[in-house]
Amino acid sequence: MSHDLFSSLASFEFTASVPLLVRDAAGEYRPAEADEVLLAAQRLLARRVRGCHALTSPALVRDFLRLRHGALEHEVFAVVHLDAQCRVLDYVEMFRGTVAQSSVYPREVVKDALARNSAALLLVHGHPSGLAEPSPADQALTKTLKAALSLVDVRVLDHLIVGGSTVYSMAEHGLI
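Conventions we followed
Residues numbered from 1 in each chain as written. Predicted model: local features only at pLDDT ≥ 70, side-chain atom pairs only at ≥ 80, totals over all residues. Heavy atoms only, no water. 1 Å grid on protein atoms, 1.4 Å probe; cavity = no way out; pocket = protein on both sides within 12 Å on 5 of 7 lines; lining within 4 Å. Points joined across faces, edges and corners; volume = space filled by probe spheres on them. Helix = DSSP H or I, 4+ residues; strand = E, 2+ residues; numbered from the N terminus. Nonpolar A, V, L, I, M, F, W, Y, C, P; charged D, E, K, R; others polar. Axes fitted to C-alpha atoms, helices over the stretch in contact; angles between N-to-C directions. Parallel < 35°, antiparallel > 145°, perpendicular 65-115°, else oblique. Left-handed = near helix turned anticlockwise from the far one by under 90°. Contact = heavy atoms within 4.5 Å. pLDDT = per-residue confidence, 0-100. Salt bridge = Lys/Arg side-chain N within 4 Å of Asp/Glu carboxyl O. Pairing = 2+ DSSP bridges.

**Focus: the layout of surface pockets**
Moving on, step 1. Reported here for the largest pocket is a volume of approximately 260 Å³.
Moving on, step 2. Lining the largest pocket are 15 residues, with Glu75, His125, Ser135, Ala137 and Asp138 sitting closest to its centre.
Moving on, step 3. With 3 residues, helix α5 (residues 136–150) is the largest single contributor of residues to the lining of the largest pocket.
Moving on, step 4. Considering only residue class, the lining of the largest pocket consists of 6 nonpolar, 6 polar and 3 charged.

This is how it looks when you write it as C-alpha coordinates:
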(Lines give C-alpha, C1' and ligand atoms only; values in the text may rest on other atoms or scores of the structure.)
Protein backbone atom coordinates (compact mmCIF):
# COMPACT_ATOMS: atom_id res chain seq x y z
CA MET A 1 0.00 0.00 0.00
CA SER A 2 1.33 3.43 -0.93
CA HIS A 3 1.50 6.13 1.75
CA ASP A 4 1.79 9.86 1.29
CA LEU A 5 4.19 12.05 3.27
CA PHE A 6 1.67 12.66 6.07
CA SER A 7 0.12 9.20 6.38
CA SER A 8 1.26 8.84 9.98
CA LEU A 9 1.91 11.16 12.90
CA ALA A 10 5.54 10.04 13.01
CA SER A 11 6.20 11.23 9.46
CA PHE A 12 4.45 14.54 10.20
CA GLU A 13 6.57 15.15 13.30
CA PHE A 14 9.73 14.50 11.30
CA THR A 15 8.82 16.94 8.53
CA ALA A 16 7.60 19.54 11.03
CA SER A 17 11.14 19.78 12.42
CA VAL A 18 12.51 20.79 9.00
CA PRO A 19 12.34 24.60 8.92
CA LEU A 20 10.69 26.55 6.15
CA LEU A 21 13.03 29.16 4.76
CA VAL A 22 12.41 32.79 3.82
CA ARG A 23 14.69 35.25 2.10
CA ASP A 24 15.45 38.41 4.08
CA ALA A 25 16.06 41.91 2.67
CA ALA A 26 19.75 41.12 2.10
CA GLY A 27 18.87 38.07 0.01
CA GLU A 28 20.00 35.56 2.65
CA TYR A 29 17.82 32.60 3.60
CA ARG A 30 16.81 32.03 7.21
CA PRO A 31 14.22 29.88 9.04
CA ALA A 32 10.73 31.39 8.87
CA GLU A 33 8.99 32.60 12.01
CA ALA A 34 5.58 31.08 12.76
CA ASP A 35 3.84 34.41 12.09
CA GLU A 36 5.49 34.62 8.66
CA VAL A 37 4.20 31.16 7.75
CA LEU A 38 0.67 32.05 8.90
CA LEU A 39 0.74 35.34 6.97
CA ALA A 40 1.89 33.54 3.82
CA ALA A 41 -0.91 30.98 4.25
CA GLN A 42 -3.47 33.79 4.67
CA ARG A 43 -2.24 35.48 1.50
CA LEU A 44 -2.41 32.21 -0.44
CA LEU A 45 -5.97 31.50 0.74
CA ALA A 46 -7.01 35.10 0.00
CA ARG A 47 -5.76 34.74 -3.60
CA ARG A 48 -7.66 31.47 -3.96
CA VAL A 49 -10.86 32.92 -2.47
CA ARG A 50 -10.88 36.13 -4.55
CA GLY A 51 -12.64 35.50 -7.84
CA CYS A 52 -13.72 31.98 -6.95
CA HIS A 53 -17.35 30.95 -6.78
CA ALA A 54 -17.82 31.31 -3.03
CA LEU A 55 -21.02 29.31 -2.99
CA THR A 56 -19.52 26.37 -4.88
CA SER A 57 -16.40 26.35 -2.70
CA PRO A 58 -17.59 26.80 0.90
CA ALA A 59 -14.67 24.76 2.26
CA LEU A 60 -12.15 27.25 0.83
CA VAL A 61 -14.04 30.20 2.32
CA ARG A 62 -14.29 28.45 5.69
CA ASP A 63 -10.56 27.64 5.68
CA PHE A 64 -9.75 31.28 4.97
CA LEU A 65 -12.09 32.48 7.75
CA ARG A 66 -10.73 29.95 10.28
CA LEU A 67 -7.23 31.18 9.58
CA ARG A 68 -8.21 34.88 9.80
CA HIS A 69 -10.48 34.71 12.87
CA GLY A 70 -9.88 31.42 14.67
CA ALA A 71 -6.97 32.46 16.89
CA LEU A 72 -7.83 36.11 17.51
CA GLU A 73 -8.20 37.23 21.12
CA HIS A 74 -10.73 39.92 20.18
CA GLU A 75 -13.81 40.10 17.98
CA VAL A 76 -13.47 41.28 14.40
CA PHE A 77 -16.51 41.88 12.20
CA ALA A 78 -15.77 41.42 8.51
CA VAL A 79 -17.63 41.36 5.22
CA VAL A 80 -16.99 39.19 2.16
CA HIS A 81 -18.21 41.17 -0.87
CA LEU A 82 -19.68 39.16 -3.75
CA ASP A 83 -20.63 40.10 -7.30
CA ALA A 84 -23.87 39.09 -9.04
CA GLN A 85 -22.38 35.65 -9.89
CA CYS A 86 -21.35 35.18 -6.23
CA ARG A 87 -17.64 35.56 -6.96
CA VAL A 88 -15.58 37.10 -4.19
CA LEU A 89 -14.82 40.75 -4.86
CA ASP A 90 -13.13 41.54 -1.57
CA TYR A 91 -12.77 40.69 2.11
CA VAL A 92 -12.88 43.67 4.46
CA GLU A 93 -12.37 43.69 8.23
CA MET A 94 -14.64 46.56 9.19
CA PHE A 95 -14.85 46.65 12.99
CA ARG A 96 -12.60 45.49 15.82
CA GLY A 97 -14.02 44.83 19.25
CA THR A 98 -13.10 43.40 22.61
CA VAL A 99 -12.93 39.86 23.87
CA ALA A 100 -16.72 39.64 24.10
CA GLN A 101 -18.27 42.15 21.70
CA SER A 102 -17.84 44.41 18.72
CA SER A 103 -19.81 47.48 17.71
CA VAL A 104 -21.11 47.22 14.16
CA TYR A 105 -22.62 50.20 12.35
CA PRO A 106 -25.13 49.26 9.62
CA ARG A 107 -24.61 52.61 7.86
CA GLU A 108 -20.91 51.82 7.35
CA VAL A 109 -21.64 48.30 6.09
CA VAL A 110 -24.12 49.72 3.53
CA LYS A 111 -21.64 52.42 2.42
CA ASP A 112 -18.90 49.82 1.97
CA ALA A 113 -21.18 47.49 -0.02
CA LEU A 114 -22.19 50.34 -2.34
CA ALA A 115 -18.59 51.52 -2.76
CA ARG A 116 -17.55 48.03 -3.92
CA ASN A 117 -20.68 47.55 -6.07
CA SER A 118 -21.52 44.36 -4.17
CA ALA A 119 -24.55 42.33 -5.15
CA ALA A 120 -24.39 40.15 -2.04
CA LEU A 121 -22.47 39.82 1.22
CA LEU A 122 -21.27 37.20 3.62
CA LEU A 123 -21.13 38.64 7.14
CA VAL A 124 -18.39 37.22 9.34
CA HIS A 125 -17.21 37.62 12.89
CA GLY A 126 -15.25 35.62 15.41
CA HIS A 127 -16.00 34.52 18.94
CA PRO A 128 -12.70 34.48 20.85
CA SER A 129 -14.35 32.21 23.43
CA GLY A 130 -14.17 29.40 20.87
CA LEU A 131 -17.94 28.88 20.91
CA ALA A 132 -19.38 29.50 17.46
CA GLU A 133 -23.07 29.57 18.45
CA PRO A 134 -24.79 32.89 17.63
CA SER A 135 -25.97 35.04 20.51
CA PRO A 136 -29.33 36.84 20.49
CA ALA A 137 -27.35 40.02 19.74
CA ASP A 138 -25.75 38.30 16.71
CA GLN A 139 -29.18 37.31 15.43
CA ALA A 140 -30.59 40.82 15.94
CA LEU A 141 -27.60 42.39 14.18
CA THR A 142 -28.06 40.03 11.23
CA LYS A 143 -31.72 41.02 10.89
CA THR A 144 -30.84 44.73 11.09
CA LEU A 145 -28.08 44.46 8.48
CA LYS A 146 -30.23 42.33 6.19
CA ALA A 147 -33.04 44.92 6.34
CA ALA A 148 -30.68 47.88 5.76
CA LEU A 149 -28.90 46.20 2.85
CA SER A 150 -32.13 45.07 1.20
CA LEU A 151 -33.06 48.75 0.79
CA VAL A 152 -30.16 49.10 -1.65
CA ASP A 153 -30.64 45.67 -3.31
CA VAL A 154 -27.70 43.94 -1.62
CA ARG A 155 -28.48 40.43 -0.39
CA VAL A 156 -27.09 38.94 2.82
CA LEU A 157 -26.39 35.30 1.98
CA ASP A 158 -24.99 34.19 5.31
CA HIS A 159 -23.57 35.28 8.64
CA LEU A 160 -20.64 33.06 9.56
CA ILE A 161 -19.34 32.90 13.12
CA VAL A 162 -15.85 31.56 13.72
CA GLY A 163 -15.13 30.02 17.11
CA GLY A 164 -11.68 28.46 17.13
CA SER A 165 -11.71 25.84 14.38
CA THR A 166 -15.52 25.79 14.05
CA VAL A 167 -17.42 27.93 11.54
CA TYR A 168 -21.15 28.27 12.23
CA SER A 169 -23.40 29.21 9.32
CA MET A 170 -26.58 31.02 10.28
CA ALA A 171 -28.00 30.25 6.81
CA GLU A 172 -27.41 26.52 7.22
CA HIS A 173 -29.26 26.65 10.54
CA GLY A 174 -32.26 28.54 9.11
CA LEU A 175 -31.49 31.81 10.88
CA ILE A 176 -31.33 33.94 7.69
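**Side note on the packing of helix α4 (residues 106–115) against α5**
Moving on, step 1. Contact pair α4 / α5: the axes reach a minimum separation of 10 Å and the direction vectors enclose 45 degrees. The orientation of α4 relative to α5 falls into the category oblique. The two elements α4 and α5 meet at a crossing, and its hand is right-handed. Judged by residue contacts, Pro106, Val109, Val110 and Ala113 of α4 engage Thr144, Leu145, Ala148 and Leu149 from α5.
Moving on, step 2. Residues that form the contact of α4 with α5 fall into these classes: 7 nonpolar, 1 polar and no charged.

**Topic: the confidence of the model for the chain**
Moving on, step 1. For the chain, per-residue confidence averages 81 on the pLDDT scale, and residues scoring 70 or more make up 80% of the total.
Moving on, step 2. In the model, residues 1–12 has pLDDT below 50 throughout and makes 5 contacts with residues more than four positions away in sequence or in other chains.

**So, the pattern of salt bridges**
Moving on, step 1. Considering all chains together, one arrives at 6 salt bridges under this definition.
Moving on, step 2. As a salt-bridge pair, Glu172 and Arg62 come within 2.7 Å of each other at their nearest N and O atoms. Of this pair, Glu172 sits in the segment after β7 (166–169) while Arg62 sits in helix α3 (residues 58–69); the two residues are 110 residues apart in sequence, bridging distant segments of the chain.
Moving on, step 3. A salt bridge links Asp112 to Arg116, with the shortest nitrogen-to-oxygen separation between them at 3.2 Å.
Moving on, step 4. Among the charged side chains, a salt-bridge network with shared partners connects Asp90, Asp112 and Arg116.

**Quick word on the sheet that holds strand β3 (residues 76–82)**
Moving on, step 1. Taken together, the 5 strands give an open sheet; going across it, the order is β4-β3-β5-β6-β7, and neighbouring strands pair in mixed fashion. Unpaired on one side and paired on the other, β4 (88–96) and β7 mark the two borders of the sheet. Put simply, the sheet's adjacent strands are angled 20 degrees from each other on average, direction ignored.
Moving on, step 2. Strands in contact with α5 are β3, β5 (120–126) and β6 (155–163); relative to β6, the strand with the most contacts, it is inclined by about 155 degrees.

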